[in-house]
Amino acid sequence: MNTLILDAKQEQSYKVCSDIIRSGGLVAFPTETVYGLGANGFCENAVKKIFEAKGRPSDNPLILHVESIAQAEKLYRDIPQSFYKLAEVFWPAPLTIICKKASCVPDAVSGGLDTVAVRMPSDKHALRLIHESGVPIAAPSANLSGKPSPTRAEHVIQDMQGRIDAILCAGDCKYGVESTVISLVNLPTILRPGIITPHMISAVIGEVQISKSVFSPLHEGELAPSPGMKYKHYSPDAEVMAFSGNADEMRAKICSAYDMNCVNKMKCIILASAETAHLYGDRQLEIMGSAKAPESMCSSLFAAFRKYNEYDYILCETLADEELGLAYMNRLLRACGFLVL
Ligand code: AMP
Ligand code: MG
């Protein structure tokens, strides 16, 4: 398949892309979280193509992207008040809300579940594409299943060229981690942490739980509250290793792993914060951002995984797993298989 590469700054790109969406094709597009791989959310056949292009298991449901609360309302049934409170305060935002689904939502979108995940993105290119398409756009991240999510157009081109109809290219994604996912079906529960944090949410709707699968792997036979949690995620070919402790302890563990592996001719890179970078001497490292502003570390994580994909080891510092640090740690834990040294 020939993949059209289009510039989001060009007016005509939106007509081309929305025509493709309406006629059942696949378009990758920028959002403020990561690039999405979109199809007409009302068209079962189009949605099935997303799973094929990504190699995504068909029981892992997709998020429907909308341009307004009114458009979201039509996709749900039995909507709780907490939906309106959250949507009115936060949307457009990197916040995905799960409620019971309306019958117009195809089973292919919800992975056969009775619920559906919906989000109104804030990225202007994404909103314009949804608007011109005139339908909700079903979209997971535009990477091959299991690989790090794409935060730049070039990442999408690497993974998706030849597999989809078009790629709408803009700059780097603002946040670089996927949306916070919250289920309102029973007690409000965060299934995936993101830029909209537990405190921000509880300030609006009161108590919110955090699913334990955010912190730990599922045990065999355990039912996943969110099917995506079953699958290994975000992994580059390099082995990702995460290290815990205070700055000194982390430094000691990371330096020892680095030196031992380098002696054995392995290629290693250290992902460090601006605050700790000076502790590693002349070892090769990438400064991810400031540990005091975990959103800066989040926005460079997936790009770093891709940049050092061909290395043997990516040695990572950990952050406190609360608020924005929780978003960072969730991706890191999945990339290293939940093994923190
Ligand atoms: P992605 O769009 O690939 O970044 O992932 C969307 C995430 O939301 C996956 O982890 C899905 O399993 C999860 N998700 C989507 N819809 C639902 C749903 N109805 N119930 C629970 N989790 C969902
Ligand atoms: Mg994904």
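These remarks concern the structure in this document. Only a predicted model underlies this, so the values are computations on that prediction, with no experimental measurement involved.

## Some points on the overall build of the protein
So, point 1. Looking only at helices and strands, the protein has 11 helices and 15 strands in total.
So, point 2. A compact globule built from 341 residues should have a C-alpha radius of gyration of about 20 Å, and the protein, at 20 Å, falls within 12% of that.
So, point 3. Seen through its C-alpha atoms, the protein measures out along the principal axes to roughly 60 × 50 × 35 Å.
So, point 4. A burial count over the protein gives 57% of its 341 residues as buried.
So, point 5. A separation of at least 24 residues holds for 67% of the contacts in the protein among residues at least 6 apart in sequence.
So, point 6. Here the protein displays about 14,200 Å² of accessible surface, and carbon together with sulfur accounts for 52% of that area.
So, point 7. Each charge sign in the protein was given a centre, from 33 positive and 38 negative side chains, and these centres are 3 Å apart.

## Brief notes about helix 9 (residues 247-263)
So, point 1. Over its 17 residues, helix 9 runs 24 Å from end to end, which matches the ideal 24 Å to within 8%, given 1.5 Å per residue.
So, point 2. Of all the residues in helix 9, the buried ones are Met-250, Ile-254, Cys-255, Ala-257, Tyr-258 and Asn-261. On an axial view of helix 9, the arc spanned by its buried residues comes to 170 degrees, and they lie on one face. Turned more than 90 degrees away from the buried face of helix 9 sit Asp-248, Met-260 and Val-263, all of them exposed.
So, point 3. Measuring from the side-chain oxygen of the N-cap residue of helix 9 to the backbone nitrogen of Asp-248 gives 3.1 Å; that N-cap residue is Asn-246.
So, point 4. Looking one or two residues past helix 9, Lys-265 carries a phi angle of roughly 65 degrees, positive in sign.

## Quick notes on the sheet that holds strand 14 (residues 285-287)
So, point 1. The strand order across the open sheet built from four strands is 12-15-13-14, with neighbouring strands paired in parallel fashion. The sheet terminates laterally at strand 12 (239-243) and strand 14, the two strands that pair on one side only. Put simply, the sheet's adjacent strands are angled 20 degrees from each other on average, direction ignored.

## Observations regarding the sheet that holds strand 4 (residues 63-65)
So, point 1. Read from one edge of the open sheet, 11 strands run 1-8-2-3-7-4-6-5-9-10-11, paired in mixed fashion. This sheet does not close on itself; its edge strands, each paired only once, are strand 1 (4-7) and strand 11 (209-210).
So, point 2. With three bridges joining them, strand 9 (residues 180-183) and strand 10 (residues 189-192) adopt antiparallel strand pairing. Residue pairing for strand 10: Ile-182 is matched across the bridge by Ile-190.
So, point 3. Across the sheet, helix 2 (residues 44-54) touches strand 3 (36-40) and strand 7 (137-139), and the angle it forms with strand 3 is around 155 degrees.

## Structural notes on the nonpolar core
So, point 1. Of all hydrophobic cores here, the largest spans 48 residues; its most connected members are Phe-83, Trp-91, Ile-97 and Ile-182.
So, point 2. Every residue in contact with Ile-97, bar those within four places of it in the chain, is listed here: Tyr-76, Phe-83, Leu-86, Ala-87, Trp-91, Val-116, Ala-117, Val-118, Ile-182 and Leu-184.
So, point 3. Within the second largest apolar cluster, 31 residues are counted, among which are Tyr-175, Ala-238, Ala-242 and Ile-269.

## Let's talk about the side chain of Ser-235
So, point 1. By the secondary structure assignment, Ser-235 is in the loop between strand 11 and strand 12.
So, point 2. By relative accessible area, Ser-235 is classed as buried at 12%.
So, point 3. Non-local contacts of Ser-235, meaning those with residues more than four positions away in its chain, are made with Gly-146, Lys-147 and Pro-148.

## Details of the packing of aromatic side chains
So, point 1. Overall, the coordinates contain five aromatic pairs when judged by the stated rule.
So, point 2. Each ring, one from Phe-83 and one from Tyr-84, has its centre 5.1 Å from the other, and the planes form 70 degrees; the classification is edge-to-face.
So, point 3. Residue classification places Tyr-84 among the buried positions, given a relative accessible area of 18%.
So, point 4. Relative to Tyr-311, the ring of Tyr-308 has its centre 5.0 Å away and its plane inclined at 80 degrees; by these criteria the two rings are edge-to-face. Tyr-311 carries the same exposure label as Tyr-308, and that label is buried.
So, point 5. In textbook terms, an aromatic cluster arises when at least three aromatic residues are bridged by ring pairs, as seen for Tyr-76, Phe-83, Tyr-84 and Trp-91.
So, point 6. Here the guanidinium or amino end of Arg-128 rests over the ring plane of Tyr-14, the centre of that ring lying 4.2 Å away.

## Details of the pairing of strand 9
So, point 1. Here strand 9 shows a buried face lined by Thr-180 and Ile-182 and a second buried face lined by Val-181 and Ser-183.
So, point 2. In terms of strand pairing, strand 5 (residues 95-100) meets strand 9 through four bridges, oriented parallel. Residue pairing across strands places Thr-96 opposite Val-181, the latter belonging to strand 9.
So, point 3. The turn joining strand 9 and strand 10, which pair antiparallel and follow one another in sequence, is formed by five residues.

Reading the values: the criteria
- Residues numbered from 1 in each chain as written.
- Chains lettered and ligands numbered in written order.
- Predicted model: local features only at pLDDT ≥ 70, side-chain atom pairs only at ≥ 80, totals over all residues.
- Heavy atoms only, no water.
- Helix = DSSP H or I, 4+ residues; strand = E, 2+ residues; numbered from the N terminus.
- Rg over C-alpha atoms; globule rule 2.2 N^0.38 Å.
- Buried < 20%, exposed > 50% of the residue type's maximum accessible area, 1.4 Å probe, protein only.
- Contact = heavy atoms within 4.5 Å.
- Areas by Shrake-Rupley, 256 points an atom, 1.4 Å probe, with all protein chains shown as cover.
- Lys, Arg positive; Asp, Glu negative; His and termini not counted.
- Charge placed at Lys NZ, Arg CZ, Asp CG, Glu CD.
- Expected span 1.5 Å × (residues − 1).
- Arc of directions from axis to C-beta.
- Polar contact = N/O pair within 3.5 Å; in protein donor to acceptor, adjacent residues only side chain to side chain.
- Pairing = 2+ DSSP bridges.
- Axes fitted to C-alpha atoms, helices over the stretch in contact; angles between N-to-C directions.
- Core = buried A, V, L, I, M, F, W, Y, C linked by side-chain atoms within 4.5 Å.
- Phe/Tyr/Trp six-rings, centres within 6.5 Å; stacked < 30°, edge-to-face > 60°.
- Lys NZ or Arg CZ within 6 Å of the ring centre and 35° of its normal.

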